[in-house]
Amino acid sequence: MLKKITLTLSCLLILPFFTHTIFAKEEKVKVRFGIYIKKLVPDYKEGKFNTEFYWWMIFDNDSTKTGISNDVITNMEYVNAVDFPIEGFKQEIQETREIEKNKFYYTGFHQGAFYFNPDFRMYPLDVQTLKISIENSLLPGNQFEISADTSSYINSKQSRHLWGFSNDLITNKNESYFFSKSDIEIGKGVYNSNFGDPEFDPISVYSRIDTTIKLNRSFVPYISKLLIPLMIILLLVYFVFYLPAEKIDIAAGLTVTSLLSAIAFQLAVSGELPEIGYIIYIDKIFYTCYFLIALTMAQSLVTFYLDDSGIESQKLKAKKIDLVFRFLFPLLFFTATILFAI
């Protein structure tokens, strides 16, 4: 009987130790993360953007309970960074402070490039989406959870859509683009591989934070670069409708010259963009111009033969066709410009 009592007491004494050990392994570290973007310059051709920003992270961690050291917690990585060294995140740390017992504050500064996928379908009315994706490289989602430090953003008195933007970005004087919005989203990084390690799970999930920046292209500079030259080319074609029907040689010269000019202009515009496998907005405008130039040439031939017939009614019909096309030509162009933009 005495042996049973002794065994029971021993189990009761040892049980809390095992319970603590089991639950310590399951305890999750929660990190609040913030970012303050100082500078950002896109490179559309390379599909990259160069940026400088400050970051900070705040978390509670009692390593005796979690079994996780601060060194592991701060082993973060930039998922879409360009040529970023292993453990480079730690090298960026500028300050480490224990705010209160087992509550830590880390801050650092990053300078480098990130990949993004430019979408030129609406060029030059396009809006680009740039992302800075960060996750812990050692701790999976069941041990590590990252979230935005919303309280710090709220204290900054900035509008919700400008969180993380410096005044330099908000008041950007670059005429080519401007930053319209930022979103801070919490996501997951899913890796469908154990990377050859039999001790790894075949599918691993990591907590990820994405800072998404919306970059709008300023349209005003492109009015002078694209729209005005194109309008001059079309204006030369438009003069055909005011020529006498018998001046077919002048009409042909204007339409052919305008067509060649439009083709050369499109090639020059395409040269400013990377190689893409889809039709963009400005291409559709050029195709509309080609159609209108071809239509003008066809109209010139029709009015020439009607006028050359010598029949008065046919000559009158040729003049009416000219009048119709004077209104139809600009109407088709501006209608196409608006419809393709929708």
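Throughout, residues of each chain are indexed from 1 in the direction in which the sequence is written. pLDDT decides what is reported in this predicted model: residues at 70 or higher carry local features, side-chain atom pairs at 80 or more are listed and counted, and totals for whole chains, interfaces and linings draw on all residues regardless. Only hydrogens and water are set aside; all other atoms, that is, all heavy atoms of the structure, feed into the side-chain values.

A. The overall build of the protein, seen in detail. Counting from the N terminus, the helices are DSSP H or I runs at least four residues long and the strands are E runs at least two residues long. A count of helical and extended segments in the protein gives 10 helices and nine strands. Projected onto its principal axes, the C-alpha coordinates of the protein cover approximately 130 × 40 × 30 Å. Only protein chains enter the calculation, and the probe is 1.4 Å; a residue is then buried if its accessible area is under 20% of its type maximum, exposed if over 50%, and partly exposed in between. Looking at the 342 residues of the protein, the share that counts as buried comes to 38%. The contacts of the protein with a sequence gap of at least 6 include a subset with a gap of at least 24, amounting to 70%. Method for areas: the Shrake-Rupley scheme with a 1.4 Å probe, in which residue coverage is limited to the protein chains shown. In the form shown here, the protein has an accessible surface area of approximately 19700 Å², with 61% of it arising from carbon and sulfur atoms. Averaging the locations of the 33 positively and 37 negatively charged side chains of the protein gives two centres separated by 6 Å. By definition in these notes, contact holds between two residues if any of their heavy atoms fall within 4.5 Å. Under this rule, positive means Lys or Arg and negative means Asp or Glu; His and the chain ends count for nothing. Throughout, a charge is located at the NZ atom of Lys, the CZ atom of Arg, the CG atom of Asp or the CD atom of Glu.

B. Spotlight on the side chain of Asn-75. Tracing the backbone shows Asn-75 in the loop between helix H3 (70-73) and strand S3 (76-78). The contact partners of Asn-75, leaving out residues within four places of it in the chain, are Glu-87, Lys-90, Asn-136, Ser-137 and Leu-138.

C. Structural view of the nonpolar core. In terms of nonpolar packing, the biggest core is built from 72 residues, with Ile-37, Met-57, Ile-73, Tyr-78 and Ile-132 touching the most fellow members. The greatest single-element share of this core, amounting to nine residues, is contributed by helix H9 (residues 281-308). Excluding residues within four positions of it along the chain, Ile-73 makes contact with Val-29, Val-31, Met-57, Phe-59, Asn-61, Ile-68, Asn-136, Leu-139 and Phe-144. To form a nonpolar core, buried Ala, Val, Leu, Ile, Met, Phe, Trp, Tyr and Cys residues must be joined to one another through side-chain atoms within 4.5 Å.

D. Spatial organisation of the environment of Glu-272. Tracing the chain through its elements places Glu-272 in the loop between helix H8 (248-270) and H9. Classification of Glu-272 by relative accessible area gives partly exposed; the value is 44%. Separated by 14 residues in the primary sequence, Glu-272 and Ser-258 have C-alpha atoms spaced 22 Å apart. If we ignore the near neighbours within four places in the chain, the residues touching Glu-272 are Lys-45, Tyr-123 and Lys-225.

E. Quick look at the pairing of strand S1 (residues 29-43). Direction of pairing for S1 relative to strand S7 (residues 144-148): parallel, over a ladder of five bridges. Counterpart to Lys-30 in the pairing with S7 is Glu-145. The pairing of S1 with strand S2 (residues 48-60) spans 12 bridges and is classified as antiparallel. Bridging from a neighbouring strand, Gly-34 pairs with Trp-56 of S2. Strand pairing is defined by DSSP finding a minimum of two bridges between the two strands.

F. Just the sheet that holds strand S6 (residues 127-136), in detail. Read from one edge of the open sheet, four strands run S3-S6-S9-S8, paired in antiparallel fashion. Edge positions in the open sheet fall to S3 and strand S8 (177-191), since each of these has one partner strand only. The average angle at which neighbouring strand axes cross in this sheet is 20°, direction not considered. In the sheet, S6 pairs with strand S9 (residues 204-217) via nine bridges, with the strands oriented antiparallel. Considered in S9, the bridge of Val-127 is made with Asn-216. Here an axis means a line fitted to C-alpha atoms, over the contact stretch when the element is a helix, while the angle between two N-to-C directions is reported on a 0 to 180 degree scale.

G. Representation of H9 within the structure. In a helix, the anticipated span is given by 1.5 Å times the number of residues less one. With 28 residues, H9 ought to run about 40 Å at 1.5 Å a step, and its terminal C-alpha atoms sit 41 Å apart, in line with that. The positive-phi residue at the C-terminal boundary of H9 is Gly-310, with phi of around 85°.

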